[in-house]
Amino acid sequence: MVYTGKNAAAAEAPEEPRIGVFICHCGTNIAGSIDVPAVRDYAATIPHVVVAQNYAYMCSTPGQNMIKDAIAEHHLTGVVVAACTPRLHEPTFRTATANGGLNPFRFEMANIRDQGSWVHMHDWDGGTAKAKDAIRIAVAKATKLEDLYPMSVPVEHRALVVGAGIGGIQASMDLAAAGIETYLIEKQPTIGGRMSQLDKTFPTLDCSQCILSPKMAEAGRTPGIKLYTLAEIENVEGYIGNFDVTIRRHARGVLTPNEAAAKGIIGGGCTGCGDCSNVCPVVKPNEWEFNMAPRKAIYICHAQVVPLIYTIDFDACVKCGLCITACGTKKAIDLEMQDELFTIKVGTVILATGYEAFPIEQKKEWGYKLYDNVITSLEFERLICASGPTIGHLVRPSDGETPQSVGFVLCAGSRDNTGIGKPYCSRFCCMYSLKHAHQVIEKIPGCRAYIFYMDIRSFGKAYEEFYYRVQNEGAKFIRGRVAQIQELPNKNLIVVAEDTLLGNQVQIEVDLVVLAAAIQPTAETEIVRRQFGVSCSGDKWLLEAHPKLNPCGTTTAGVYLAGVCQGPKDIPDTVAQAEGAASAASIPIHSGHVELEPYYAQCMQNLCAGCGMCTRLCPYSALSMTVVDGRTVMEVTAAKCKGCGTCGGFCPGGAIKMQHFTSPQILAQIDAFFLGGEQ
Amino acid sequence: MTDEWKPKILGIICNWCSYAGADGAGSARTQYPPDVRIVRVMCTGRIDTLFVLKAFADGADGVLVSGCHFGDCHYLAGNFKAAKRMFLVKSILNNMGIEHRRFRMTFVSASEGAKWATVITDVINTIKEIGPSPIAEERKRRGL
Ligand SMILES: Cc1cc2nc3c(=O)[nH]c(=O)nc-3n(C[C@H](O)[C@H](O)[C@H](O)COP(=O)(O)OP(=O)(O)OC[C@H]3O[C@@H](n4cnc5c(N)ncnc54)[C@H](O)[C@@H]3O)c2cc1C
Ligand code: SF4
Ligand code: SF4
Ligand code: FES
């Protein structure tokens with residue numbers, strides 16, 4: 001931010017405040033619902049206001065110049081702009097204020113659009129009266145504003161990425177390529193996320209593993225990426241530039257070659273040979289294959305895992321020790337291994353925690369988990385995949401037969417306002433269901449594919465063309481919601497649906513039903529977002545700082561979003577957002593420092609009684625007690641303070657000054673509202 | 001202008017959730033009545049009981065404090081600490097002979113624009129039902 005430092009008028013404190021008020025029309029956004037000239041004339045009568053002007057677009061260059069010129073002409077000590085919202089244009093007008101030679105923190109905004117004209121569109125008088133009050137309140141604050149100076153803090157030259165699906169992998173690779181050491185934290189034993197469970201990818205039909213595994217392997221061996229799998233975030237402290245993040249590495253029970261070397265086991269550590277798994281007597285369902293294949297207590301999820309290190313499922317392990325013998329001189333297995341906690345310091349963070357399927361069994365009418373031959377799309381991906389449990393032969397679970405007809409139920413739990421399900425569109429189900437229909441038609445000669453849909457949303461590049469292709473291949477499209485699925489004694493299924501195009505009810509018998517289940521954020525996403533203080537929208541997806549202009553940022557400075565954790569999106573969009581997030585996360589790191597808003601607490605030690613109650617209220621341990629001239633008083637560590645004001649809101653002696661939100665400022669605002677104004 | 005009584009209600013709200021939610025109501029053009037005036041603070045934790053009491057002493061017909069949902073406070077738990085204080089406010093108001101329903105604390109997130117409009121409408125209706133503040137009436141009587 002450019003400004004020329006202290007303004008002469010403010011330095012001599014007792015001088016009367018001189019406030020300029022600038023009212024924006026925002027085209028007709030404000031002027032269409034509020035009497036702007038009347039508001040301007042009123043503003044000119046408010047005590048301390050020396051100039052009041054209105055203009056079509058205050059944020060435009062001429063609008064900003066008006067502020068600059070008025071500061072010089074009227075020797076203003078404070079600026080009030082009545083316009084949209086400080087969440088949008090406070091930075092703009094602070095810069096204009098600074099350009100006029102005032103300290104930028106001598107600017108205050110009155111929100112007369114987002115909380116004014118836009119919400120009182122049909123109440124001309126009410127909206128106009130509210131705008132006048134809002135300006136009077138803002139002027140009251142402006143008369144008490146002080147010069148403040150942002151704190152510049154250095155930024156740690158490291159980044160953290162949480163979640164190693166395709167989004168997290170891409171973001172880490174970009175950050176590392178930009179010369180930033182990046183910690184990549186994944187809670188599963190392997191990276192890859194959902195994409196590694198897919199067979200082919202629409203609309204090009206590339207094999208998912210073929211395009212993903214090279215990236216997984218590269219992420220695993222890039223020196224700039226510090227990869228930790230089977231790891232989660234334990235605790236977060238600090239702020240942009242200086243996050244202290246504690247990581248919990250769950251006990252894996254198996255040492256990597258590096259860890260073995262560190263323990264002095266020469267040539268030791270897991271090589272991924274699998275000898276241990278061969279001898280392990282414990283058999284469990286493999287969750288990664290949706291329990292459709294077995295695994296041992298010591299296992300890898302699938303053949304292409306990164307890192308290629310076996311993992312012990314300690315809940316299942318009987319500690320027989322057979323694997324230790326099988327492992328032999330590599331001495332990789334440690335059955336007594338404990339979780340490990342360590343703390344890293346990073347400058348910026350990207351969250352890429354992805355999604356999970358909505359528990360579609362909650363929609364009882366479709367019979368998932370009740371009827372053997374009703375499966376989900378993710379299960380379908382595994383069953384059709386050559387590396388899956390059936391080596392790519394699509395079979396129906398009840399009898400292992402190849403289905404001759406398959407019904408695909410789209411929007412299963414998506415676009416659903418019944419209360420059970422999700423109101424939003426899960427975005428990729430239409431496209432992957434088209435892909436699935438194509439796959440059954442291609443792989444099983446004569447197999448019929450029925451697609452029950454509400455709308456086909458083929459919005460992306462080459463997607464509509466793919467839709468035509470699948471239509472031409474002979475898939476049958478039935479437009480309407482599926483009301484019910486019934487099971488016949490031979491385990492075939494009757495799909496009961498409405499055909500809204502023909503205006504009748506249909507009942508179609510099929511061998512297999514695939515539910516394109518809605519998706520939702522992973523359960524851990526809720527924990528991680530709270531650790532980083534990131535908001536979520538009503539549907540629990542992580543909330544971006546601005547849906548259009550800042551889709552990768554969050555309201556926590558230094559924390560960015562990539563991939564589906566921010567909302568449903570397919571692989572191309574996930575990768576694009578990941579690259580955007582990586583770029584955004586690298587900016588503070590490469591500039592080397594960030595400016596923190598000077599909203600921190602200060603102790604007015606002459607008023608402090610030394611009770612020390614505030615020290616326990618501060619969530620960031622920014623307050624401590626010290627002795628000054630023989631008196632015990634509180635002291636603030638400004639760099640730790642995030643400016644919430646909780647201490648200041650509490651202190652019974654009023655000894656804590658919250659910069660930019662001081663008690664005299666807030667009380668002046670309250671008094672201005674109730675005691676000032678047109679009588 | 002009509003002569004209908006218009007209540008004077010103060011809303012002190014946090015920057016990260018309720019203020020953002022109120023802006024969201026604006027973007028969506030969700031309409032609500034205009035009787036509440038807003039003072040923005042970074043977190044409800046900042047809100048000194050003094051602020052609320054001063055508003056009532058000044059003749060407020062109602063005061064609304066609104067912040068993030070529990071667990072969602074941008075500063076972890078400022079809203080918890082504020083909520084505790086606001087219980088105190090309620091009991092002080094009762095003791096002062098001010099109907100405690102004139103004061104309310106709500107939790108509206110950044111994505112709950114529609115909820116914000118409902119909250120505001122509800123607050124205004126409640127205050128209209130209770131009527132003008134006795135302190136405001138007294139101030140008027142004394143010509144203050
Ligand atoms: C049946 C089906 C078929 C699909 N087919 C296609 C297709 O053909 N083409 C296409 O473009 N898209 C397809 N998609 C969409 C695709 O799966 C997603 O776009 C993609 O996987 C999103 O990647 P991501 O990195 O955002 O999330 P994810 O793949 O979910 O990765 C998130 C990662 O974060 C980890 N994680 C979560 N929480 C934490 C935590 N707290 N700490 C550490 N790690 C954590 C998870 O374990 C996971 O590894 C399909 C989806 C489904 C359901
Ligand atoms: S010790 Fe545990 S992991 Fe190893 S073989 Fe026995 S049961 Fe399997
Ligand atoms: S304002 Fe007070 S309570 Fe809040 S972070 Fe700063 S010192 Fe801690
Ligand atoms: S930031 Fe909203 S209540 Fe604390």
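This text goes with the structure placed above it.
Everything in this summary refers to the structure shown in the same document. Quick caveat: nothing in here was measured; it's all calculated off a predicted structure.

What to know about helix α20 (residues 663-675) of chain A
Phase 1: Taking 1.5 Å per residue, 13 residues should reach 18 Å; α20 of chain A reaches 17 Å between its end C-alpha atoms and fits that length.
Phase 2: Most of α20 of chain A is tucked away, with ten of its 13 residues classed as buried.
Phase 3: Residues of α20 of chain A that are buried in the fold lie against β4 (107-111) and α7 (124-142) of chain A together with β1 (9-14), β2 (36-41) and α2 (49-57) of chain B.
Phase 4: Where α20 of chain A terminates, the next one or two residues include Gly677 of chain A, which has phi positive at roughly 95°.

Thoughts on the environment of Val51 of chain A
Residues and elements named next belong to chain A.
Phase 1: Note on placement: Val51 falls in strand β2 (residues 49-55).
Phase 2: Sequence separation of Val51 and His74 is 23 residues, and the distance between their C-alpha atoms is 7.5 Å.
Phase 3: Those residues in contact with Val51, other than ones at most four positions away along the chain, are Ile19, Gly20, Val21, Ala70, His74 and Leu76.

Overview of the nonpolar core
Phase 1: Formed by 89 residues in total, the largest nonpolar core has its most connected members in Ile350 of chain A together with Leu10, Val52 and Phe103 of chain B.
Phase 2: What Ile350 of chain A contacts, discounting residues up to four positions off in sequence, is Leu160, Val161, Val162, Ala171, Leu175, Tyr560, Leu561, Ala562, Ala581, Ala582 and Ala585 of chain A.
Phase 3: Counting 42 residues, the second-largest nonpolar core is a separate cluster that includes Phe22, Cys26, Leu76 and Ile112 of chain A.

Some points on the site of ligand 3
Phase 1: If you check the shell around ligand 3, you find Cys618, Pro619, Tyr620, Ala622, Leu623, Cys641, Lys642, Gly643, Cys644, Gly645, Cys647 and Met658 of chain A and nothing else.
Phase 2: Partitioning the shell around ligand 3 into residue classes produces nine nonpolar, two polar and one charged.

What about the packing of α2 of chain B against helix α3 (residues 78-96) of chain B?
Residues and elements named next belong to chain B.
Phase 1: For the pair α2 and α3, the least separation of the axes is 10 Å and the interaxial angle reads 30°. The angle between the axes of α2 and α3 places the two elements in the roughly parallel class. Here α2 runs over α3; the crossing is right-handed. Contacts from Thr49, Val52, Leu53 and Phe56 in α2 reach Arg85, Met86, Leu88, Val89, Ile92, Leu93 and Met96 in α3.
Phase 2: Looking at the contact of α2 with α3 residue by residue, the class counts come to nine nonpolar, one polar and one charged.

Observations regarding the interface of chain A and chain B
Phase 1: Listed per partner, the contact involves 54 residues of chain A and 51 residues of chain B.
Phase 2: Linking chain A with chain B are six salt bridges.
Phase 3: A salt bridge links Asp72 of chain B to Arg529 of chain A, with the shortest nitrogen-to-oxygen separation between them at 2.8 Å.
Phase 4: Our enumeration of links across chain A and chain B arrives at 24 residue pairs in polar contact (both at pLDDT 80 or more).
Phase 5: Those elements that provide at least two residues to the side of chain A that touches chain B are α5 (86-99), α6 (113-117), α7, α16 (523-532), α19 (646-650) and α20 of chain A.

Some details on the pairing of strand β3 (residues 62-67) of chain B
Looking along a regular strand, one sees the side chains alternate between the two faces of the sheet.
Residue and element names in this part refer to chain B.
Phase 1: The buried fraction of β3 amounts to six of the six residues, a majority that puts the element mostly inside the structure.
Phase 2: Of the strand pairs in this sheet, β1 and β3 are connected by five bridges, and their pairing is parallel. Bridged to Gly11 within β3 is Leu64.
Phase 3: As judged from the five bridges shared by β3 and strand β4 (residues 103-107), these two strands associate in the parallel manner. Bridge pairing in β4 links Val65 to Met105.
Phase 4: Following the backbone out of β3, through α3 and into the adjacent parallel β4, one traces a crossover that is right-handed.

Scoring rules and cut-offs
Residues numbered from 1 in each chain as written. Chains lettered and ligands numbered in written order. Predicted model: local features only at pLDDT ≥ 70, side-chain atom pairs only at ≥ 80, totals over all residues. Heavy atoms only, no water. Helix = DSSP H or I, 4+ residues; strand = E, 2+ residues; numbered from the N terminus. Expected span 1.5 Å × (residues − 1). Buried < 20%, exposed > 50% of the residue type's maximum accessible area, 1.4 Å probe, protein only. Contact = heavy atoms within 4.5 Å. Core = buried A, V, L, I, M, F, W, Y, C linked by side-chain atoms within 4.5 Å. Near = heavy atom within 4 Å. Nonpolar A, V, L, I, M, F, W, Y, C, P; charged D, E, K, R; others polar. Axes fitted to C-alpha atoms, helices over the stretch in contact; angles between N-to-C directions. Parallel < 35°, antiparallel > 145°, perpendicular 65-115°, else oblique. Left-handed = near helix turned anticlockwise from the far one by under 90°. Salt bridge = Lys/Arg side-chain N within 4 Å of Asp/Glu carboxyl O. Polar contact = N/O pair within 3.5 Å; in protein donor to acceptor, adjacent residues only side chain to side chain. Pairing = 2+ DSSP bridges. Right-handed = clockwise from strand over helix to strand, strands pointing away.

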